[in-house]
Amino acid sequence: MRMSEGVTAAGAEYLEWIYRISKEKQSVNPLDLARALKVSAPSVTAMLKRLSTAELIEYQTYQGISLTPKGQAIAARIVRRHGLIERLLTDVLGVPWEKADELACQLEHYLTDEVEERLAAFLGNPTTCPHGQPIDLERPDRSLLLSDMAPGDEAEVSRITDEDTGFLSYLSELGMRPGARVRLQARAPFNGPLTVTVGESTHAIGREAADKVRVAAPEEEITP
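Overview of the pairing of strand 6 (residues 194-198)
Piece 1. Judged by how many residues are buried, strand 6 sits mostly within the fold: 4 of 5 residues are covered.
Piece 2. Here strand 5 (residues 181-187) pairs with strand 6 via 5 bridges, running antiparallel. Residue pairing for strand 6: Val182 is matched across the bridge by Val198.
Piece 3. Joining the antiparallel neighbours strand 5 and strand 6 is a turn of 6 residues, in which Phe190 adopts a positive phi near 55 degrees.
Piece 4. Bridge analysis of strand 6 against strand 7 (residues 201-205) gives 5 bridges, and the strand direction is antiparallel. Paired with Val196 across the bridge in strand 7 is His203.

Describing the state of the cysteines
Piece 1. A full pass over the atoms with the stated rule returns 0 disulfides.
Piece 2. Not part of a disulfide, Cys105 finds its nearest cysteine sulfur in Cys129, a span of 11 Å.

Here's the deal with the environment of Asn29
Piece 1. Counting through the fold element by element, Asn29 comes out in the loop between helix 1 (9-22) and helix 2 (30-37).
Piece 2. A sequence separation of 51 residues divides Asn29 from Arg80, and the C-alpha atoms of the two residues are 23 Å apart.
Piece 3. For Asn29, the side chain forms a polar contact with the main-chain nitrogen of Asp32, separated by 2.9 Å.

Details of the packing of helix 4 (residues 69-92) against helix 6 (residues 113-122)
Piece 1. Two numbers describe how helix 4 lies on helix 6: the axes approach to 10 Å, and their chain directions differ by 45 degrees. The pairing of helix 4 with helix 6 is recorded here as oblique in orientation. For the pair helix 4 and helix 6, the sense of crossing is left-handed. Contact residues: Arg77, Arg80, Arg81, Leu84, Ile85, Leu88 and Val92 in helix 4; Asp113, Glu116, Glu117, Leu119, Ala120 and Phe122 in helix 6.
Piece 2. The class makeup of the residues in the contact of helix 4 with helix 6 is 7 nonpolar, no polar and 6 charged.

Side note on the pattern of salt bridges
Piece 1. Considering all chains together, one arrives at 17 salt bridges under this definition.
Piece 2. In this structure, Glu116 and Arg80 form a salt bridge, with 2.6 Å as the shortest nitrogen-oxygen distance. Pair noted here: Glu116 is in helix 6 and Arg80 is in helix 4, with a separation of 36 residues, a long-range link.
Piece 3. Judged by relative accessible area, Glu116 falls into the buried class, the value being 4%.
Piece 4. What makes Arg80 partly exposed here is its relative accessible area of 23%.
Piece 5. Measuring nitrogen to oxygen at the nearest pair gives 3.9 Å for the salt bridge that ties Lys212 to Glu208.
Piece 6. On the accessibility criterion, Lys212 (22% relative accessible area) is partly exposed.
Piece 7. Taken together, the salt bridges that share partners define one network made up of Arg77, Arg80, Arg81, Asp113, Glu116 and Glu117.

The rules behind each value
- Residues numbered from 1 in each chain as written.
- Predicted model: local features only at pLDDT ≥ 70, side-chain atom pairs only at ≥ 80, totals over all residues.
- Heavy atoms only, no water.
- Buried < 20%, exposed > 50% of the residue type's maximum accessible area, 1.4 Å probe, protein only.
- Helix = DSSP H or I, 4+ residues; strand = E, 2+ residues; numbered from the N terminus.
- Pairing = 2+ DSSP bridges.
- Disulfide = S-S within 2.5 Å.
- Polar contact = N/O pair within 3.5 Å; in protein donor to acceptor, adjacent residues only side chain to side chain.
- Axes fitted to C-alpha atoms, helices over the stretch in contact; angles between N-to-C directions.
- Parallel < 35°, antiparallel > 145°, perpendicular 65-115°, else oblique.
- Left-handed = near helix turned anticlockwise from the far one by under 90°.
- Contact = heavy atoms within 4.5 Å.
- Nonpolar A, V, L, I, M, F, W, Y, C, P; charged D, E, K, R; others polar.
- Salt bridge = Lys/Arg side-chain N within 4 Å of Asp/Glu carboxyl O.

This is the structure in structure tokens:
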């Protein structure tokens, strides 16, 4: 299947992830994409060459990857469609949030512009996906890492940056979803686990997991 700009669905997926990763890191490299897309390094290299030839990215070996204006426009639209489809799946069809990402990846490339706008209106123009990820990545993000909270701090979960099925299922068991109130009780030394209270339950959470959960800044409010 091809998008209207002549970009394959696979190519659009790369553009989407370059865009997403660029909002979390200062520089995007091929290894980042291999991990995110669960593909081999040679596959990443081949796709980057095609995207560069199509003038959708700027990339030179051993240097970071960046989107051209055309590439960013495509990526931004895919991110928006992805979030809207996830909202439809979870909010309307009742699909568990841990399954929404994978299904949205399969459907996002098939939406027309008209269907995208009708879907946004039907859903009430949501600003985030069910995992709290912004539908518009250019929107300012002042959220903080859960792992950066100090003992005694309390905040509201704003978004989950890893939408892996197993990880989301784990967070669901803890009740740690966007909108949930969390309080950091203690930090174990030497990069040990964090003790966090979610609602009335207290759990020990590893630093790696805590680095994938972001909380709203004190003055910030969660907007669905």
